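# Structural characterization, general
Given next are the chains, with one letter for each unit.
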Amino acid sequence: MALVGWATPLTSSGQQPVTDIYSFENPSVPAEFSADQGVTLSVSSGQKVHGKQSLKITWDGSGGKVLVKRAIDARNKTIDQRLCAAIFNLWLYQTDGKKQDALRFSFGRDGQEKPDCWFDYTLGFAGWRTMMMPYNRMAGKEQPAMDWIAIETPKGKAGEAYIDLLYPDVQFDRRHAMNDTSLTFYRDDDKSRVRPGKPQHLYHAGILDLPNPAIDQAKQDAVKALEQKFETELLKSARKPNIKSLRAAYQQYQLPAQADLDKLTTDNIHGRHIFFLHTVDIYKPSSLAGEMEAEVNYDLRHTSTFLLQLAKAWHLSTGDERRELETMIVSMNLLLLKSGWHEGHGQGTLHHYGYSSRSYYAASFLTRKLLAKHKLKRQVARAGQWFNHSHYCYDPYASTHCANMDYFNTMAKEQLLSLLMTDAIGERYHSVLQWSKTYSAAVALNRHGNNGGFKEDGSAFHHWGHYPAYESGALAAIGPMFKLLADTPFRLSPDAYRSFRRALLAIRIQCNKFSLPRTLSGRHAYQFKDNLSRLHTAYIDFAKSGTPEGDKEVDEEIAAIALRLFPDARDQFDASIQPEPDPNGHWCFPYANVGAHRRGDWLAIARGLSRYVWGSEIYGPVNRYGRYQSHGTLEILPPGGLPASGVSPYGWDWSRPPGATVTHLPLDLIPYESIIMMPTTDETFVGNCHMDQQDGLFAMVLKEKNEPSRPDIGLHALKSYHFFDDTIVCLGSAISNPNSRYPVETVLFQQHLEKNDLPVSINGKVVSEFPFGEKHAAATTLRDVVGNHYLVPEGQKLNIARQHQHSYYHYASIDGKGPKEKDHSGHNEATEADYAVAWLDHGAYAKDSSYHYAVLVLPTEQRAAAWQKSPGYTVLRHDSDAHIVQSGTTTSYALFQSGDVKNQLVSHVSEPCLVMTKQEGDQLKLNLTDPDLRMPGNEGGMLAGEIVIKPRYGPEVSSVTLTLNGNYELTQGEGVTAAQNDGKTTLTFTTLRGRTIPCVLKKSTP
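The model shown is predicted, which means the values in this text are computed figures rather than measured ones.

About the thresholds
- Residues numbered from 1 in each chain as written.
- Predicted model: local features only at pLDDT ≥ 70, side-chain atom pairs only at ≥ 80, totals over all residues.
- Heavy atoms only, no water.
- Helix = DSSP H or I, 4+ residues; strand = E, 2+ residues; numbered from the N terminus.
- Rg over C-alpha atoms; globule rule 2.2 N^0.38 Å.
- Buried < 20%, exposed > 50% of the residue type's maximum accessible area, 1.4 Å probe, protein only.
- Contact = heavy atoms within 4.5 Å.
- Areas by Shrake-Rupley, 256 points an atom, 1.4 Å probe, with all protein chains shown as cover.
- Lys, Arg positive; Asp, Glu negative; His and termini not counted.
- Charge placed at Lys NZ, Arg CZ, Asp CG, Glu CD.
- Core = buried A, V, L, I, M, F, W, Y, C linked by side-chain atoms within 4.5 Å.
- Pairing = 2+ DSSP bridges.
- Axes fitted to C-alpha atoms, helices over the stretch in contact; angles between N-to-C directions.
- Salt bridge = Lys/Arg side-chain N within 4 Å of Asp/Glu carboxyl O.
- Phe/Tyr/Trp six-rings, centres within 6.5 Å; stacked < 30°, edge-to-face > 60°.
- Expected span 1.5 Å × (residues − 1).
- pLDDT = per-residue confidence, 0-100.
- Disulfide = S-S within 2.5 Å.
- Parallel < 35°, antiparallel > 145°, perpendicular 65-115°, else oblique.
- Left-handed = near helix turned anticlockwise from the far one by under 90°.
- Nonpolar A, V, L, I, M, F, W, Y, C, P; charged D, E, K, R; others polar.

## Focus: the overall build of the protein
Looking only at helices and strands, the protein features 18 helices and 47 strands. For 1006 residues, the compact-globule estimate of 2.2 N^0.38 gives 30 Å, and the protein sits close to it at 32 Å. Along the three orthogonal principal directions, the C-alpha set of the protein runs to about 100 × 75 × 60 Å. The buried share of the protein, taken over its 1006 residues, is 61%. Counting only contacts in the protein whose residues sit at least 6 apart along the sequence, the fraction spanning at least 24 positions is 72%. Accessible surface for the protein amounts to roughly 38,000 Å². Of this, 49% is attributable to carbon and sulfur atoms. Each charge class in the protein can be summarised by its mean position, and for the 106 positive and 111 negative side chains these summaries are 2 Å apart.

So, in C-alpha cells, the structure goes:
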C-alpha cells in the first residue's frame, strides 16, 4: 500500500483518495499502476533510494507503457511569496549504462488518449538519477487538472529500470529545477534561473572532452609540483586517525565492513542513499518529510566531510588499518556513484551546491592514486568535473559569471583539484592554465554595475550589493590561491593581484579590528566576529605571493597589515617589515554608499541607501526588523569592535540605529510586507568626498519609497556628516513625514548596559540611575557609556533614557533550532536587555524639521573639556539646499540643489554635488564628488523584494561645473578645466562612478 500524505487529491471520479508520493514499501504494486502486455511491474528489494524497496519495470521491446491513474494539479502557485512551479518528480535506476534509449513520460486527461504534455528521459547511465520536470516546461501544453501518467518504454530493445519516490505533483521554487543529459526543458520560462542559451548560473555548464597535447618536461614538472603543493596543504592539519570513530561513522552508511574490492560495483554495492541537501527540499510538503529530513544527516556535505577524514587517515595509516580504510574509501565512492553522483546527472537541482561539496573534491584528490588502483579515478574525476563545471573556464562568458563570492568561496579551488584529477598530464597542464586565466579575469573584473565581483573602490558585490559577510569567505579562499600559484606557470594576472589587493585594503578599513559595523552586515546583523578574523591566511599568503608584476617576492604593505591584524604572523616575514600603524584618515567607498573615518584605534562609518545600493537584506525571519539598517547611520566602533560599541542582539530597538533618521515604529510594524526585502530608495544623491584622504564629508537624500497599506512610510530628510579629525558634525534638514502617526527621530546613540549602573554624563553630571529619563531643550553636553562626547545646540527636543527594552531576535530563534523560513504572521523569539539611549524628537507629523549635533570620538578628559568650550567648527549654512561647515581652513559643502550657493567662495553649481576645500598658504585645494553612480541597471534579483535596478540609458560620465568667486588658476587637476570671467572662475569636472576628483588652485590677478 502506498503512503497517504498531507494532501489527498481525488481521482477524476472524485471518489478514491490517492497518495501524495509513492515509496513502494508495500509488497504489492499500488492499485493506481497498471501495465500493457510486454511490460511487467513488480515491487523489488534489488535497488532502492528510500526505505527497502522500489518499483521494478521490465519491458520486452514491444513499446508498451505503464499507466498511473492519479489526479494531477499542474497549476503553478505562490507559496510564502515565492513563485513556485508544479513539478513531476521521481528517481530512476539503471544497471546497464550502455543503452541510449529513452522513456517517455506523458500526462493527460480521462477519455483523451492523446497526452496534453510530455517529456523524454534519456537512459544510458548506471546508477540512480532523479528528475524535477516542471509541467509548464514540458512539450505540449499542460492542463490545470490532468488525471493520468503514462511511462512509455522503448521499442526494439528489452530492458529494465527501477523507480522510487514517484511524486506526481509538488510545488518547487521555480528558479531551481535544472536539466541534465537525461532531461531537457522544452520551453522557456523567464522566471527560472536555467534557460536555453548561455548558462544563467554557475552550476550548469557541462563537461568537455579536451585534447592531450604533448608538453615538455618543465611543464610536466610544474604540474607535478603544483599537485604536491596541494597535497601538502591539504594534509598539513591531518592528525593520527581514530580508526574506531571512523569505523562507527562508516557503519552509519549501512555498507559492508569487509568486501572483495575487485568484485564490488555500483550495482552490487548497497548502502544508504547519499542525497544532495536541496534535492531533499522537494519532499518537505510530502508525507515522507520526517523520514527524508533524517536522510539529510547523510547528504553530500556530511559524506564529503567524512570522506576527507578517511582520505587524511589513509595517508597517515599503515598495515591493517590502511587496508580497512581502503575498503571504506572505495565503498563510499561506489556508493556516491550509485547515488547519482556521476557525470551527466543534475540531482534535480544544484543550487548552492558549492557549500555542500568542498570536502568531496579534496578527498577525491588526496585519494586519486587509490582510486586509480581500483579503476575508479576516471569516473570520480569526470563526476567532479561535471558537478563543479571545471571546464567552464573554456567558456568565453565564464569570467563574468564566475565573478561571484560564492564561486570564489566554494567552487574555484575545487575546480582546480578536479582538473588535476585528469589522467593525461598534457590535458592537466593546459586545462589548469586555462582555468588560471579565467580565474584571474574573474578576480580582476571590476564591472560598473550591481553585478557580482570586486569593484574599483575595493567593495565586493554579492546579492547585488556590497556584502562583506560573503566577501570574507571569498577573500579567505582566494588569498591562498595566489601563493599556491605564485611561482608556477599558472601565476595569476597582475590585474587580479591589483583587484584583490584593493579588496584586502578596503575591508581592513571597514572593520575594527575584526568586527563589521551593523550597517554593512546585510542580513548578518550581529556578526561580531568571523570577518577579518578568518582572513589570517589570506593576508599572509597574498603578501608572500609577491607584488602584482612579480618584481618583489613579498608585498610589504600587505605584510605590514597582516602583522597589525595578526601578531602571530611575525615569523612569516623579515624583521625589517613592521606592523602598519592603526589606519588614520578618511576613505570613500562609493559602491558601498560608505564613508569611513579613522583616527588611532577607532572607526566611524556613515552609510546610506540609494537607488543603486541596498541598505540591508531581509530574508524571512532573518534580519526581519532590519528596515533602518542604513538610514543615514553613523556607527562608531572603538577598540573591541561591534560589542564594545554597545551593540547587543538582545533587547535592541530596531527603530533606533545610531545616527539614523527614522520613524520610530512599534516592533509589530517594522517588517516589510514582502518576506524578502533589499530596501532601496529612488534617490541617487548618496555619496562621500574627502580632503587629502584625512577629512571627509558624507551626505545623502533620504526618501523612503511608498509601500501599499503603509501610511507611516514616506520619510524624507537631507543628512550630512562632516568629519574633521576627531570631530563629526551631524546635520539634518527638510525632515518630513506628514502621514506618520509615530514620532520621527534622529538617534544619537543606543548602547547596551551590561550592568544597569554603567553611567552616562549630562552637562557634566554623572548619571547611573536606572531607570532614568530626561528631556532637554537647552544646549546640552553628553557623554555616552562608551566615552564619546556630544554637543546638542539649543532649540531641539533631546531625549535621554536609561531603560529596559523588549525586542525580537535577528533569527527565528536564539538557539538556531527554529524554522529558517516562515511567513510574516509571527515574530522571532523575544529578547530583552538594558540600554542607554539618546535621540532628537522631530514630532509625529514632522514638517521641514532639522537637527544639529556634534560628536567628539573617544577623547581624553582634557580634550573633551577644551572641545566643549570651543568645538572648533562653524555651520555656515544649514537648510533645504545646502549644509556647509567650516573647521579651520577646511570647509565641506553638501550641495543638495543646483544653482546659486550664496557662499563667500562658492558661487554656483550646475548639479547637486559634494565639495571640500582647504586653504594652504596661497594654494586652494578643492575636491568634488558627483554622488550619482549612474549604474546601468543591468542585473537584479528574481524574488519579490530583491533589488532590481531599472535600465538607464544616459552616459556614465557626467560634467559638473562649479563657479568660484574670484580669479583662480588651475595648477593641478586631471579631468578638470578652469575658465575665468568677470571676477569669477568656472571649474568643469568630468566625474565618474562617485569618485572624488581633486584639483589645486592658485589665486591669480585678472
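There is more to say, and it comes next.
## Some thoughts on the nonpolar core
By size, the foremost hydrophobic cluster in this structure holds 143 residues, and its most contacted members are Phe408, Trp435, Tyr439 and Tyr539. Residues contacting Phe408, with those up to four places away along its chain left out, are Cys402, Ala403, Tyr439, Ala442, Val443, Phe454, Ala474, Ala477 and Ile478. Of all hydrophobic cores here, the second largest spans 55 residues; its members include Met131, Ile163, Val170 and Val280.

## Structural notes on the environment of Tyr392
Tracing the backbone shows Tyr392 in the loop between helix H8 (377–387) and helix H9 (398–402). Between the C-alpha atoms of Tyr392 and Thr438, which are 46 residues apart in sequence, the distance is 9.0 Å.

## Some details on the sheet that holds strand S36 (residues 874–878)
Taken in spatial order, the seven strands make up an open sheet running S36-S37-S38-S41-S42-S47-S44, and their pairing is antiparallel. At either end of the open sheet lies a strand with only one pairing partner, and these are S36 and strand S44 (968–972). Ignoring strand direction, the axes of neighbouring strands in this sheet form an average angle of 20°. The sheet contact formed by strand S38 (residues 890–895) and strand S41 (residues 913–920) spans six bridges and is antiparallel. Bridged to Tyr893 within S41 is Val915.

## Regarding the pattern of salt bridges
Counted by the stated rule, this structure contains 53 salt bridges. A salt bridge links Asp495 to Arg498, with the nearest nitrogen and oxygen atoms 2.8 Å apart. Residue Asp495 and its partner Arg498 are located together in helix H14 (residues 494–510), separated by three residues, close to a single helical turn. By relative accessible area, which is 45% here, Asp495 ends up partly exposed. Across the salt bridge formed by Asp712 and Arg741, the nearest N and O atoms sit 2.6 Å from each other. Placement of Asp712 in the loop between strand S24 (695–703) and strand S25 (716–724) and of Arg741 in the loop between strand S26 (727–736) and strand S27 (744–752) is noted, with a sequence separation of 29 residues between them. One network of salt bridges, with partners in common, ties together Glu456, Glu956, Arg993 and Arg995.

## Examining the packing of aromatic side chains
According to the stated counting rule, one finds 49 aromatic pairs in the structure shown. Between Phe408 and Tyr439 the ring centres are 6.0 Å apart and the planes differ by 85°, which places this aromatic pair in the edge-to-face class. With Phe408 in helix H10 (residues 405–410) and Tyr439 in helix H12 (residues 425–444), the pair connects residues that are 31 residues apart, well separated along the chain. The same class applies to Phe408 as to Tyr439, namely buried. With centroids separated by 5.4 Å and ring planes inclined at 55°, the aromatic side chains of Tyr429 and Phe490 adopt a geometry described as tilted. Remark: Phe490 occurs in the loop between helix H13 (468–485) and H14 and Tyr429 occurs in helix H12; sequence separation between them is 61 residues. Across the pair, Phe490 and Tyr429 agree in class, each one buried.

## Concerning H13
Here H13 spans 25 Å end to end across 18 residues, near enough to the 26 Å set by a 1.5 Å rise per residue. The element H13 is extensively covered by neighbouring structure, given that 15 of its 18 residues are classed as buried.

## Section: the confidence of the model for the protein
Here the protein shows a mean pLDDT of 93. Residues at 70 or above account for 96%. Every residue in residues 1–17 scores below 50 in pLDDT, and together they form 38 contacts with partners more than four places removed in sequence or on other chains. Note on residues 819–824: pLDDT is under 50 here. Beyond four places in sequence and across chains, it has 22 contacts.

## Considerations on the sheet that holds strand S13 (residues 453–454)
Spatial ordering of the open sheet is given by S13-S14-S15, a layout of three strands whose pairing is antiparallel. For this open sheet the edge positions go to S13 and strand S15 (465–466), each flanked by a neighbour on one side alone. Pairing geometry for strand S14 (residues 460–462) and S15, over two bridges, is antiparallel. Within S15, the residue paired with Phe461 across the bridge is His466.

## Here's the deal with the pairing of strand S7 (residues 102–108)
Across the seven residues that make up S7, a large majority, five, are buried. In this sheet, strand S11 (residues 145–152) lies alongside S7 in antiparallel orientation, the contact comprising five bridges. Along S11, the bridge assignment pairs Phe107 with Ile149.

## Regarding the environment of Ala846
Summarising the element assignment, Ala846 is placed in the loop between strand S34 (830–843) and strand S35 (849–856). On the basis of relative accessibility, which here comes to 1%, the residue Ala846 falls in the buried class. C-alpha separation for the pair Ala846 and Ala734, spaced 112 residues apart in sequence, amounts to 9.2 Å. Filtering out sequence-adjacent residues up to four positions away, Ala846 remains in contact with Ile735, Ser736, Asn737, Pro738 and Val744.

## What to know about the pairing of strand S33 (residues 798–808)
A large share of S33 lies buried, amounting to eight of its 11 residues. Relative to S34, S33 runs antiparallel, the two being bridged by 11 bridges. By the bridge assignment for S34, Ser807 is matched with Thr831.

## Observations concerning the state of the cysteines
Summed over the entire model, instances satisfying the criterion amount to zero disulfides. Here Cys730 is not cross-linked by a disulfide; its sulfur's nearest cysteine counterpart is in Cys588, at 17 Å.

## Some remarks on unusual backbone geometry
Residue Asn512 is joined to Lys513 through a cis peptide bond whose omega torsion reads -25°. Within the secondary structure layout, Lys513 lies in the loop between H14 and helix H15 (536–544). Looking along the chain, the bond that leaves Phe770 and enters Pro771 is cis, with omega of -10°.

## Regarding the packing of helix H6 (residues 353–366) against H8
H8 packs onto H6 with a crossing angle of 155° between their chain directions and a minimal axis gap of 11 Å. Classed by the angle they form, the pair H6 and H8 counts as roughly antiparallel. As H6 packs across H8, the resulting crossing turns out to be left-handed. Here Tyr353, Tyr360, Tyr361 and Ser364 of H6 come into contact with H8, specifically with Val380, Ala383, Gly384 and Phe387. For the contact of H6 with H8, the per-class residue count stands at six nonpolar, two polar and no charged.

## Quick look at helix H1 (residues 217–235)
Between its terminal C-alpha atoms H1 stretches 27 Å, which fits the 27 Å expected from 19 residues at 1.5 Å a residue. Among all positions of H1, only Gln220, Ala222, Val223, Leu226, Glu227, Phe230, Glu231 and Leu234 are buried. Looking at the buried residues of H1, the elements they touch are helix H4 (300–316), H6, helix H7 (368–373), helix H11 (412–419), H12 and H13.

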